[in-house]
Amino acid sequence: MEIQNQESISAAAKIIVQSRYTIALVGAGLSVGSGIPTFRGAGGLWTKLGEPSNNGYENFLADPKAWWDQNLNAKIDPERTKFREAIEKAKPNPGHLALVDLEKICVLKHQITQNIDNLHYVAGSKKITEIHGNRTKLRCVGCDMRWHRDEFDRITLDWKQTLPPKCNTCFGIVKPDTVMFGEPIPLSTLNTCVDETRLSDCILVIGTSATVYPAAGFPREVLSSGGKIIEINPEETPISQTATESIKGPTEDSLPKLVTEIKRIIGDDPTT
Ligand code: NAD
Ligand code: ZN
């Protein structure tokens with residue numbers, strides 16, 4: 001397995017170096033090494049609680065005041081509390097840092113992440129689209145304006161008393177930035193993902209079960225326009241069969257090795 005993985009890493013590094021525009025589609029698996037469980041698979045939140053209903057956004061819009069009341073004041077179930085605590089104390093792992101490195105040496109042009117945990121930014125990545133939002137932010141449903149939660153606390157001092165919170169620009173209702181079940185992806189976010197996918201001739205599919213659309217469609221788009229897929233995941237996924245190379249292993253281990261190999265090929269490794 002180890003030798004086979006090293007061969008896949010070498011082959012993947014060659015493809016990346018030869019590609020014109022490499023992007024990444026990232027999923028919850030990248031943050032497993034930071035102590036945050038996935039949703040699906042062993043230890044996943046949905047595996048324990050069951051898949052949530054599809055009408056989260058509908059329920060929010062039907063009664064945003066009740067939704068916020070519940071969110072701010074109700075007791076949350078212990079599994080969700082555990083999940084939230086895991087995210088709150090998480091730090092970026094070597095997988096996140098490897099992606100920062102790849103961006104710095106201009107090999108990785110953009111990341112589309114499904115993660116909402118903010119760890120890419122904490123690690124230092126800059127060219128990111130958070131397709132499912134960011135848990136540290138709030139967003140207006142009217143104009144898509146975003147605020148950091150702390151900033152919103154500062155500019156709207158009494159928002160917890162007059163629920164639901166309202167936008168200070170268009171007076172639209174404000175919700176968490178994370179995309180709820182049944183909620184459309186904000187248009188400008190989706191457009192960036194589509195544009196980056198069109199530019200790409202190589203996509204790294206990192207730690208995602210590739211089952212949540214539209215994100216799961218991006219690797220297929222790259223493939224159908226003649227590009228290549230490199231998958232990094234310990235498990236088989238629906239993408240595996242179409243991947244040009246599959247690196248089977250946890251990203252906290254295999255991404256740093258991939259970066260070392262890429263740097264060796266392009267001659268940016270101080271040890272060579
Ligand atoms: P998923 O839970 O559906 O799939 C996780 C994938 O990660 C699986 O394929 C699994 O094999 C793989 N994996 C497990 N350990 C790994 C490791 N150490 N290294 C690499 N891969 C590993 O997650 P998804 O595909 O991202 O999609 C589901 C949704 O879950 C997304 O919308 C995302 O918003 C949300 N989510 C986010 C976080 C987070 O922000 N950290 C955590 C849980 C879920
Ligand atoms: Zn607004």
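Residues numbered from 1 in each chain as written. Chains lettered and ligands numbered in written order. Predicted model: local features only at pLDDT ≥ 70, side-chain atom pairs only at ≥ 80, totals over all residues. Heavy atoms only, no water.

Draft legend 1. Highlighting the site of ligand 1. Around ligand 1 sit 26 residues in total, of which Gln 114, Asp 117, His 132, Thr 208 and Ser 209 are the nearest. In this structure, Gly 29 approaches ligand 1 through a main-chain N or O atom, which is 3.4 Å from a nitrogen atom. At 2.9 Å, a backbone N or O of Ile 116 approaches an oxygen atom of ligand 1. In isolation ligand 1 exposes 850 Å². Once the protein is present, 92% of that is buried. Tallied by class, the residues present in the shell around ligand 1 amount to 10 nonpolar, 12 polar and four charged. Both domains that meet at the shell around ligand 1, namely domain 1 (2–36 + 91–135 + 178–266) and domain 2 (37–89), each give it at least three residues. (Near = heavy atom within 4 Å. Polar contact = N/O pair within 3.5 Å; in protein donor to acceptor, adjacent residues only side chain to side chain. Areas by Shrake-Rupley, 256 points an atom, 1.4 Å probe, with all protein chains shown as cover. Nonpolar A, V, L, I, M, F, W, Y, C, P; charged D, E, K, R; others polar. Domains from an automatic or database assignment.)

Draft legend 2. Up close: the packing of helix α9 (residues 187–199) against helix α10 (residues 217–224). With their axes 9 Å apart at the nearest point, α9 and α10 run at an angle of 30° to one another. What the angle tells us is that α9 and α10 run roughly parallel. The handedness of the crossing between α9 and α10 comes out as right-handed. Across the interface between the two elements, Leu 190, Cys 193 and Thr 197 of α9 pack against Phe 218, Glu 221 and Val 222 of α10. Residue composition of the contact of α9 with α10, grouped by class: four nonpolar, one polar and one charged. (Axes fitted to C-alpha atoms, helices over the stretch in contact; angles between N-to-C directions. Helix = DSSP H or I, 4+ residues; strand = E, 2+ residues; numbered from the N terminus. Parallel < 35°, antiparallel > 145°, perpendicular 65-115°, else oblique. Left-handed = near helix turned anticlockwise from the far one by under 90°. Contact = heavy atoms within 4.5 Å.)

Draft legend 3. Quick look at the pattern of salt bridges. Per the stated rule, a full pass over the model turns up 13 salt bridges. Among the ionic pairs, Asp 253 bridges to Lys 257, the shortest N-O distance being 3.5 Å. In this pair, Asp 253 and Lys 257 are both assigned in helix α11 (residues 251–266), four residues apart and thus about one turn of the helix distant. Judged by relative accessible area, Lys 257 falls into the partly exposed class, the value being 29%. With its nearest N and O atoms 3.0 Å apart, the salt bridge here joins Glu 261 to Arg 264. Separated by three residues within a single helix, Glu 261 and Arg 264 lie in helix α11, roughly one turn from each other. The exposure class of Glu 261 is buried, given its relative accessible area of 11%. Each of the salt bridges in this network shares a partner with another, and the network as a whole consists of Arg 139, Arg 146, Lys 175, Asp 177 and Glu 183. (Salt bridge = Lys/Arg side-chain N within 4 Å of Asp/Glu carboxyl O. Buried < 20%, exposed > 50% of the residue type's maximum accessible area, 1.4 Å probe, protein only.)

Draft legend 4. Summary view of the coordination of the zinc ion (ligand 2). Protein coordination at the zinc ion (ligand 2): the donors are Cys 140 (SG), Cys 143 (SG), Cys 167 (SG) and Cys 170 (SG), at 2.3 to 2.4 Å from the metal. Taken together, the four donor atoms coordinating the zinc ion (ligand 2) span angles of 95 to 116° at the metal, a pattern that classifies the geometry as tetrahedral. Classification of Cys 140 by relative accessible area gives buried; the value is 0%. (Donors = N, O, S within 2.8 Å, 3.2 Å for Na, K, Ca; no water. Tetrahedral: all angles 85-135°; square planar, octahedral: opposite > 155°, others 65-115°.)

Draft legend 5. Inspection of α9 at higher detail. End to end, α9 covers 18 Å across 13 residues, agreeing with the expected 18 Å (1.5 Å per residue, within 8%). Listing the buried residues of α9 in full gives Thr 189, Cys 193, Glu 196 and Thr 197. Buried residues of α9 fall within an arc of 100° about the axis and therefore sit on the same side. In α9, the exposed residues that point more than 90 degrees away from the buried face are Leu 187 and Arg 198. For α9, the secondary structure elements touched by its buried residues are β1 (22–26), β2 (108–113), β3 (128–130), β5 (146–148) and α10. (Expected span 1.5 Å × (residues − 1). Arc of directions from axis to C-beta.)

Draft legend 6. View of the packing of helix α6 (residues 94–104) against α11. For the pair α6 and α11, the least separation of the axes is 7 Å and the interaxial angle reads 25°. One way to sum up the angle between α6 and α11 is to call them roughly parallel. The two elements α6 and α11 cross, and the hand of that crossing is left-handed. Contact residues: Pro 94, Gly 95, Ala 98, Leu 99, Asp 101 and Leu 102 in α6; Thr 251, Glu 252, Leu 255, Pro 256, Val 259, Ile 262 and Lys 263 in α11. Looking at the contact of α6 with α11, its residues break down into eight nonpolar, two polar and three charged.

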